[in-house]
Every structure is written in structure tokens, then in C-alpha cells.
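Tertiary structure, described
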Amino acid sequence: MSPVLHVRVGTALNCAVKKSAPLTGGCVGDVSALDLVDGRRVVVKTARKGQAATLDLEGWMLAYLATKTALPVPEVLHREPDLLVMSYIETSGGITASVEQGAADHLAHLHSITGTAFGLERDTLIGGLPQPNPETPTWISFFAEQRLLHMAQEARAVRRLPAAMVSRIETLCGKLDRWIEEPDTPGLIHGDLWTGNVLCAAGKIAGFVDPSIYYADPEIELAFATLFNTFGDAFFARYAEHRPIKPEFFEVRRDLYNLYPLLVHAKLFGGSYVDSIDSTLKKFGV
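Nothing here was measured: the structure is a model prediction, and the numbers come from that model. Residue positions within a chain follow its written sequence, with the count starting from 1. Where local features are concerned, this predicted model is filtered to residues with pLDDT of at least 70; where side-chain atom pairs are given and counted, the filter is 80 or more; whole-chain, interface and lining totals use all residues. Side-chain numbers here rest on the full set of heavy atoms in the structure, without hydrogens or water.

1. What to know about empty space enclosed by the protein
Selection rule: Only protein atoms enter the 1 Å grid, on which a cavity is a set of points fitting a 1.4 Å probe that cannot get out and a pocket is an open set with protein on both sides within 12 Å along at least 5 of 7 lines, lining residues being those with an atom within 4 Å of a point. Grid points are joined across faces, edges and corners, and a volume is the space filled by probe spheres set on the points. Secondary structure elements are taken from DSSP: a helix is a run of H or I of four residues or more, a strand is a run of E of two residues or more, and numbering for both begins at the N terminus.
All chains considered together, the criterion is met by one cavity of 30 Å³ or more. Of the volumes computed, that of the largest cavity is approximately 80 Å³. Residue lining of the largest cavity: I126, I189, G191, Y214, I220, E221, F224, Y257, Y260 and P261, and that is the complete set. Counting only elements with at least two residues in the lining of the largest cavity, the list comes to α6 (219-227) and α9 (259-269).

What follows is the structure, encoded as C-alpha cells:
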């Protein structure tokens, strides 16, 4: 990290920086650990050159979770569009059965926090991409318009999704009520549960990072947790002790809900993600 950034962080925290070291895992920005002269260690994320500077929004989402929920997240110490400073969370080891059980406890509690509409008071981000959150009274219309159609059009705009596939997604969106029932209430979700966003220490959950929050049908979170094998049987068994998993989630709705993160990855990377989208659409007859 450059001396100029050392000075910016030191000024923001009113404490000089002693040393810094790069950390892995930054998809949206460069991430470093900084040791301060007062003995604290902090994590600093900076926007990469040429990228949209949206780190203040990431900080807002973490602060929202810290204020309104019991989900363990890093404390936001300073945020600007191109600079985010957070508390450091010690980690060790990977996701084990006990970690999955702890995650289920935390996420079931998170999902029990309800809102008055689907969406959020402001737009958020997923993987650095804008995520619209207009507050909407019905889940099916929100999921169709603000998730599937929005991201399909975004992927089409960068030529990573064929126009014919966008048309098929439009057709699917007109039939969603065949497979999805309106949930009783909107539940708050983390929104981006891949393995890298789950921090572990000594067989327990240490924290969750890089949220993509909004109020949703929590099943979309459960689906995403399976897409990249973040969580498995131990998670779902414990989660079901807190909140029932409705029939046909695994057989039907999981694939529907995972269309959204697949579209996000198609927009970012193209390639095999487009093939996975095609397979899902065929499963639902479009």
C-alpha cells in the first residue's frame, strides 16, 4: 500500500500506520491489513484504478447489518467511495460441520428480521455490480423485474448473454407463479453467500463480509448457499430447526433462485455460466 494511503488511513483514524501487508480475496478492490502504532490491526479496501468507486456503499451495508442485526460483521471505522477501513477479524481453518451449524443459527436469525416490502431503502451491489432495490409489495414481481430481467439485460449489454436467452428469461418470468408462492413477509438476507465471504476461526463462524443486502424471500439465500457448495447437509439440518424449509425447495425453487447469481456471473465472466443458465431454462420448459 502506498505511503499516500498510509497517510489517508492514519488521518481518518487519528493514528499512524506502522506497516501493511496485502490480503487475498478482494474481488471489488485491493485489500490490505494495516498495523497501527497503537497496536490495532485494521483491514483496508481500496478501489482499483478504472473501477467504479463504491466502497462507501459496501460500508453502509456492513453498518446496516451491525446496527439492525446480530450478524457478526467487521466494524466500519471509516468509509469513502474509494476507501473502506474495517476492524480486523482473526481467521483460521475452513468451513466445517460446526461452522455450517453456526452459520445456520446466524442466518436463520437474520432471515427472521422482516421488512415492510421487498427490496431496500437504497440500491446495493453484488460483486461490484449495481443491484436495484425499489421497494416492491410482491416478491414474484421483484424477483422477476429487479433480479432476473435486470441482470439478464445487463449481461446482454456486454454481449455475454444472447438475445434469444434474454427472451427465454422473459418467458420464464411470466410463469414464475407456477413454481413460487408469495412468502408471508420479506426477510433480510446477506445476499452473497459464497465461501470467501464466510470467515471461520477454530471451527466457528468468525464473521460475514461483502454483503449484498435486501429484503427477499430467504429461500434465495438458501439456494445461493448451495450453488458453489458453501454449505451442505449440516447447515440445512440446523437451519430447519429454526425455520422450516418448504417442500420442493431443493427439487424446484433452488434452481430458479440460482438463476440470479448465475446471471451475475454471466455478466462478469460469460463462459460456462451461460451454459448453466441454458440448462436451468430447459428444466423449466423455456
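2. Here's the deal with the nonpolar core
Cut-off, in case you're wondering: By convention a nonpolar core is built from buried Ala, Val, Leu, Ile, Met, Phe, Trp, Tyr and Cys residues, the set being connected through side-chain atoms within 4.5 Å. The classification of residues rests on relative accessible area computed with a 1.4 Å probe and restricted to protein chains. Under 20% of the type maximum is buried, over 50% is exposed, and intermediate values are partly exposed. Any pair of residues with heavy atoms lying within 4.5 Å of one another is described as a contacting pair.
Judged by nonpolar contacts, the single largest core of 77 residues is most densely connected at W139, L161, I169 and I277. In terms of residues, this core owes the most to one element, helix α4 (residues 139-157), which gives 10 residues. Leaving out residues up to four positions away in the same chain, W139 has contacts with F118, I180, E182, P183, Y214, A216, D217, I220 and Y257. Counting 11 residues, the second largest nonpolar core, distinct from the first, contains V9, C15, V17 and L36.

3. Let's talk about unusual backbone geometry
Phi is positive for A202, close to 55°, though the residue is something other than glycine. By the element assignment, A202 lies in the loop between β9 (198-201) and β10 (204-208). For D210, which is not glycine, the phi torsion reads 50° and is therefore positive. Within the secondary structure, D210 is located in the loop between β10 and β11 (214-216). For D210, a relative accessible area of 21% corresponds to the partly exposed category.

4. Observations regarding helix α7 (residues 233-242)
Quick note on the threshold: Here the arc refers to the set of directions running from the helix axis out to each C-beta atom.
If you check which residues of α7 are buried, you get F235, F236 and Y239. Projected onto a plane normal to the axis of α7, the buried residues spread over an arc of 90° and lie on a single side. Turned more than 90 degrees from where α7 packs its buried face, D233 and E241 sit exposed. Those residues of α7 that are buried lie in contact with α3 (97-111), α6 and α8 (249-257).

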